[in-house]
Amino acid sequence: MSTPQSPVSFYGATTHLPHAQENQSREHQRVRAEETKANTARRTCPHCRTDAGYVIPPSLGMCVPCAYPEP
Ligand SMILES: [Zn+2]
């Protein structure tokens, strides 16, 4: 005589982490702020000390008006 064994299934144990995304976006925001600060430093011309509005080209080492002054 044998006893029928019913298979045990563990369906329904779905995992979803809604908070993980929230933490990631907050960390992303912090990183973005750091990047903005770093970019501001890279956009500042060391010659005239003004924010050029773009990253100072390393080849020039200064903003374009400083590198090529209008006569
Ligand atoms: Zn300049």
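Higher on the page you've got the structure.
Heads up: these notes are all about the structure in this document. (Residues numbered from 1 in each chain as written. Predicted model: local features only at pLDDT ≥ 70, side-chain atom pairs only at ≥ 80, totals over all residues. Heavy atoms only, no water.)

1. Things to note about the overall build of the chain
What counts, and what does not: Note on conventions: DSSP H or I runs of at least 4 residues are helices, E runs of at least 2 residues are strands, and numbering of each starts at the N terminus. To sort residues, take the accessible area from a 1.4 Å probe on protein chains only and compare it with the maximum for the residue type: under 20% means buried, over 50% means exposed, and anything in between is partly exposed. We get accessible surface area from the Shrake-Rupley algorithm with a probe of 1.4 Å; when it comes to residues, only the shown protein chains can shield them.
Across its full length, the chain carries 2 helices and 0 strands. Residues counted as buried form 4% of the 71 residues belonging to the chain. Accessible surface, the chain: about 6800 Å² in total, of which carbon and sulfur atoms supply 56%.

2. Overview of the coordination of the zinc ion
Applied cut-off: Counted as coordinating are nitrogen, oxygen and sulfur atoms within 2.8 Å of the metal, or 3.2 Å for Na, K and Ca, while water is not included, which may make sites look incomplete. Four donors are marked tetrahedral only if all angles between them lie between 85 and 135 degrees, whereas four are marked square planar and six octahedral if opposite donors are more than 155 degrees apart and the other angles lie between 65 and 115; the remainder are marked irregular.
Donor atoms from the polypeptide that bind the zinc ion are Cys45 (SG), Cys48 (SG), Cys63 (SG) and Cys66 (SG), placed at 2.2 to 2.4 Å. Here the zinc ion binds 4 donor atoms, and the angle range of 104 to 117° at the metal identifies the geometry as tetrahedral.

3. With respect to a nonpolar patch on the surface
As a reminder of what qualifies: Exposure above 30% relative accessible area and the absence of a salt bridge qualify a residue for a patch, where like charges join within 9 Å and nonpolar side chains (Val, Leu, Ile, Met, Phe, Trp, Tyr) within 5 Å. By convention in these notes, a salt bridge is any Lys or Arg side-chain nitrogen within 4 Å of a carboxyl oxygen on Asp or Glu.
Together, Tyr54, Val64 and Tyr68 make up an exposed nonpolar region whose accessible area comes to about 280 Å². Along the chain, tyrosine 68 falls in the segment after α2 (64–67). Looking at tyrosine 68, the relative accessible area reads 54%, which means it is exposed.

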